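# Working through the structure, step by step
So the chains spell out like this:
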Amino acid sequence: MDEKGNYDYFTIKEINEEPKTVENSLKEKENVEKIVSQLGDIERICFVACGTSYHASLVGKYLIEELIGIPTEVIIASEFAHSVNTLTKNTLSVFISQSGETADSLEALKLAKEHCKTLSIVNVANSTLANEVNYTINTFAGSEIGIAATKSYISQLICIYLFVAYLTKNNNENDGNEIFERIMNSLDNLKQFIEEILPIEEEIKEIAEKYKDVNSFFFLARGLSYPTAMEGSLKLKEISYIHAESYAGGEFRHGPIALIEKGVPVVVVIPKDKDNEMYNDYDKSLRVLKEVKSRGGDVIAIGRCDDEKLKSESTELICLNEKIDPIISPLTYVVPLQLLAFHISLAKGLDPDNPKNLTKCVAND
């Protein structure tokens, strides 16, 4: 088993390994380019995944539908059998898994292989999933001992971004090259941005101490940030055992806001996009934030350091470099959420590496 080195827990060690993970995962550029060139005519994409991999897949859906226009859906692996009749030879089913051995994903793959092309994004190159699909993208996250996925999530997202970049270049005659260059340049700067986020751990630790004894958390975001909110909610549930729910910002008014009262923490992922592109819905998110605050809820916002409006409206602000292109916000804004879950777990006297009832690979349903 890998050693913890200077860290007390594998989870925090692996979060701190994320800059190196960026380097490793970007080594798949040539392989991804080759795969995309061989896919042929793809009219529909289905991501198939579970848990954290499901959230990574949702980022892929937002990117592909907005940037390329290929209809894309994300199907929970255990529910995939109910969608088999919709698959065609021009469908690409993309299976995402850290271990490549998740039983539900393998069962879904057996069904998909009878109808369409298959691609896997996996961290274990010789896994069953990698060996059974038509094409494989390796994430190269390295060994991940902590049960809650951290660096493996980052690596999955990087591979999705590479896939989207080359797919965009091949499928969009007008501005495909421009979008391709924007994504690739952003990925080149990603390591630096994550390295800048890690030192704010002490600030996040103070927030964790403040909210360690609450009964419930809510996580809100819109658009491309919504899967990040979902992943933050899952991390908190997994290793701190605090009830947490995530909602798209607009959906929060349709019932859940009734649960907001004094002291209830609401995490809002809200990167500000100066061009007001699809990645944001900033003004709408800000209005929901104000509604939470007016009902006595505590707003823990994750946004840009130069966002004075957000700072004035938040109970706590975890601020990130304003130079981060919103197109890669899922790769950066999730890091503070991983740190928050980790430190709340520690503040509660728990072991974040070994949460109860969970295993690294789910062998059956």
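Now for a quick tour of the structure. In this text, all values refer to a predicted model and were calculated from it rather than measured experimentally.

## Considerations on the state of the cysteines
Scanning the entire structure with this criterion turns up one disulfide. The side chain of C305 participates in a disulfide bridge whose partner is C319; the two sulfur atoms lie 2.4 Å from each other. Its S-S torsion of about 80 degrees marks the bond between C305 and C319 as right-handed, since a negative value means left-handed. Here C305, found in the loop between β9 (298–304) and α12 (308–313), pairs with C319, found in strand β10 (residues 316–320); they are 14 residues apart in sequence, far enough to count as distant. Judged by relative accessible area, which is 27%, C305 ranks as partly exposed. According to the relative accessible area criterion, C319 is partly exposed, its value standing at 26%. In this structure C116 is not part of a disulfide, and its nearest cysteine sulfur, from C46, lies 7.0 Å away. Overall, C116 belongs to the buried group, its relative accessible area being 9%.

## Examining the packing of aromatic side chains
Enumeration according to the criterion identifies six aromatic pairs in this entry. An aromatic cluster is defined as three or more aromatic residues linked by ring pairs; in this entry it consists of Y211, F217 and F219. Between K169 and the ring centre of F180, over which it is positioned, the NZ or CZ distance is 4.4 Å.

## Concerning the pairing of strand β2 (residues 72–76)
Bridge count for strand β1 (residues 44–49) against β2 is five bridges, and the pairing is parallel. Bridged to I45 within β2 is T72. Handedness of the β-α-β unit built from β1, helix α4 (residues 51–67) and β2 comes out right-handed.

## A word on the sheet that holds strand β5 (residues 135–138)
Taking strand neighbours across the sheet as the criterion, the five strands line up as β2-β1-β3-β4-β5 in an open arrangement whose pairing is parallel. The two strands at the open ends of the sheet, each matched to only one other strand, are β2 and β5. Across the sheet, the mean angle separating the axes of adjacent strands is 20 degrees when strand polarity is ignored. Sheet topology note: the strand β4 (residues 117–122)/β5 ladder contains four bridges and is parallel. Residue pairing in the sheet places I121 in a bridge with I137 of β5. Set on the sheet, α4 makes contact with β1, β2 and β3 (91–97); between it and β2 the angle comes to about 170 degrees.

## Some thoughts on the pairing of strand β7 (residues 243–248)
Judged from the six bridges that link them, strand β6 (residues 216–221) and β7 form a sheet pairing that is parallel. Looking at the pairing, S216 lines up with H243 of β7. Handedness of the crossover joining β6 and β7 through helix α10 (residues 226–240) is recorded here as right-handed.

## Here we look at the environment of N85
Position of N85 relative to the elements: it lies in the loop between β2 and β3. On a C-alpha basis, the gap between N85 and S99 in space is 27 Å, while along the polypeptide they are 14 residues apart.

## Concerning the environment of I160
Within the element layout of this structure, I160 appears in helix α7 (residues 151–171). Taking the C-alpha atoms as reference, I160 lies 9.3 Å from L63; in sequence the two are 97 residues apart. The residues contacting I160, other than those within four sequence positions of it, are A56, S57, G60, I96 and I121.

## Let's talk about the sheet that holds strand β8 (residues 265–269)
Each strand in a sheet pairs with another by means of backbone hydrogen bonds, the pair being arranged parallel or else antiparallel. With parallel pairing, the five strands of this open sheet are ordered in space as β7-β6-β8-β9-β10. The sheet is open, and its two borders are formed by β7 and β10, each paired with just one other strand. The average angle at which neighbouring strand axes cross in this sheet is 15 degrees, direction not considered. Along the sheet, α10 contacts β6, β7 and β8; its crossing angle with β7, the most-contacted strand, is approximately 175 degrees.

## So, the pattern of salt bridges
Evaluation of the coordinates by the stated rule reveals 16 salt bridges. In this structure, R44 and E73 form a salt bridge, with 2.1 Å as the shortest nitrogen-oxygen distance. Of this pair, R44 sits in strand β1 while E73 sits in strand β2; the two residues are 29 residues apart in sequence, bridging distant segments of the chain. You can call R44 buried: its relative accessible area is 16%.

## So, the nonpolar core
Inside soluble globular proteins, nonpolar side chains tend to come together where they are buried. Counting residues in hydrophobic clusters, the biggest one holds 87 residues, and the most contacted among them are I45, F163 and F217. Top contributing element to this core by residue count: α7, with 13 residues. Contacts of F217, omitting those with residues within four sequence positions, involve Y211, L236, I242, H243, A244, E245, P265, V267, I300 and I344. Formed by 19 residues, the second largest nonpolar core is a distinct cluster that contains Y247, I270, L310 and L317.

Calculation criteria
Residues numbered from 1 in each chain as written. Predicted model: local features only at pLDDT ≥ 70, side-chain atom pairs only at ≥ 80, totals over all residues. Heavy atoms only, no water. Disulfide = S-S within 2.5 Å. Helix = DSSP H or I, 4+ residues; strand = E, 2+ residues; numbered from the N terminus. Buried < 20%, exposed > 50% of the residue type's maximum accessible area, 1.4 Å probe, protein only. Phe/Tyr/Trp six-rings, centres within 6.5 Å; stacked < 30°, edge-to-face > 60°. Lys NZ or Arg CZ within 6 Å of the ring centre and 35° of its normal. Pairing = 2+ DSSP bridges. Right-handed = clockwise from strand over helix to strand, strands pointing away. Axes fitted to C-alpha atoms, helices over the stretch in contact; angles between N-to-C directions. Contact = heavy atoms within 4.5 Å. Salt bridge = Lys/Arg side-chain N within 4 Å of Asp/Glu carboxyl O. Core = buried A, V, L, I, M, F, W, Y, C linked by side-chain atoms within 4.5 Å.

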